[in-house]
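Each chain, written out:
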Amino acid sequence: MKLVLAVIQDADATALVRVLSQNAFEVTKLASTGGFLREGNTTLMIGVDDSRLEELKRHVQRTCRTRTRLVAPSVPMGEQNEGLVGDPVEVPVGGAVMFVMGVQEFVKV
């Protein structure tokens, strides 16, 4: 048995939870914040049998896509000059980060 923590973009959360539910995966959805853009994320906690781990990874990979986004570069405090504005930079966002952990015991009451 494994516990998977999948950190995904909020934009992909509804679709992924639907796909996983349709394929009999039990999912707990948590709101989270992080990443270099400091935006809202969704973290999914998914208990999965070892035999279905690869199937789970395929669903996440197919559902959570990467996108590009224009972001204004930030200048650290103390280095700001009046009137200095950098051009927006295109950066990749999205996809998924998955942490797969072994579970010693699983109890469903």
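Scroll up for the structure.
Residues numbered from 1 in each chain as written. Predicted model: local features only at pLDDT ≥ 70, side-chain atom pairs only at ≥ 80, totals over all residues. Heavy atoms only, no water.

*Asks:* Is there a simple way to explain the overall build of the protein in this structure?
*Replies:* For the protein, the helix and strand inventory stands at 2 helices and 6 strands. For the protein, the N- to C-terminal ordering of α and β elements is β-α-β-β-α-β-β-β. Expressed as a percentage of the 109 residues in the protein, the buried residues total 26%. For the protein, long-range pairs separated by at least 24 residues make up 70% of all intrachain contacts whose partners lie at least 6 apart in sequence. Surface accessibility of the protein: about 7700 Å² in total, with carbon and sulfur atoms responsible for 52%. (Helix = DSSP H or I, 4+ residues; strand = E, 2+ residues; numbered from the N terminus. Buried < 20%, exposed > 50% of the residue type's maximum accessible area, 1.4 Å probe, protein only. Contact = heavy atoms within 4.5 Å. Areas by Shrake-Rupley, 256 points an atom, 1.4 Å probe, with all protein chains shown as cover.)

*Asks:* I'm lost on the packing of helix α1 (residues 10-22) against helix α2 (residues 53-63) in this one. Help?
*Replies:* Two quantities define a packed helix pair, namely the angle between the helix axes and the distance between the axes. Two numbers describe how α1 lies on α2: the axes approach to 10 Å, and their chain directions differ by 150 degrees. α1 and α2 meet at a crossing whose hand is right-handed. Listed contacts from α2 to Asp12, Ala15, Leu16, Val19 and Leu20 of α1 are Leu56, His59, Val60 and Thr63. Here the contact of α1 with α2 is composed, by residue class, of 6 nonpolar, 2 polar and 1 charged. (Axes fitted to C-alpha atoms, helices over the stretch in contact; angles between N-to-C directions. Left-handed = near helix turned anticlockwise from the far one by under 90°. Nonpolar A, V, L, I, M, F, W, Y, C, P; charged D, E, K, R; others polar.)

*Asks:* Got a minute to help me understand a nonpolar patch on the surface in this structure?
*Replies:* A contiguous nonpolar surface patch, about 260 Å² in accessible area, is contributed by Val97, Phe99 and Met101. Here Met101 lies in strand β6 (residues 96-102). (Patch = residues over 30% accessible without salt bridge, like charges linked within 9 Å, V, L, I, M, F, W, Y side chains within 5 Å. Salt bridge = Lys/Arg side-chain N within 4 Å of Asp/Glu carboxyl O.)

*Asks:* Which parts of the structure should I look at to understand the nonpolar core?
*Replies:* Across soluble globular proteins, you tend to see nonpolar side chains buried next to one another. By size, the foremost hydrophobic cluster in this structure holds 14 residues, and its most contacted members are Ile8, Leu16, Leu20, Leu44, Ile46 and Leu56. Once you skip the residues sitting within four places of it in the chain, Leu16 turns out to touch Ile8, Leu44, His59, Val60, Thr63 and Cys64. (Core = buried A, V, L, I, M, F, W, Y, C linked by side-chain atoms within 4.5 Å.)

*Asks:* Sorry, what's going on with unusual backbone geometry here?
*Replies:* It is generally the case that most residues other than glycine have a negative phi and that most peptide bonds are trans. Positive phi is not limited to glycine here, since Ala24 has a value of about 65 degrees. Summarising the element assignment, Ala24 is placed in the loop between α1 and β2 (26-34). The exposure class of Ala24 is exposed, given its relative accessible area of 60%.

*Asks:* Would you mind going over α1 with me for this structure?
*Replies:* For the α-helix, the turn length of 3.6 residues means that residues three or four positions removed from each other point alike. Taking 1.5 Å of rise per residue, the 13 residues of α1 would be expected to cover 18 Å, and the 19 Å separating its terminal C-alpha atoms lies within 8% of that figure. Along α1, the residues that are buried comprise Asp12, Ala13, Leu16 and Leu20. Immediately downstream of α1, the backbone of Ala24 shows phi near 65 degrees, a positive value. (Expected span 1.5 Å × (residues − 1).)

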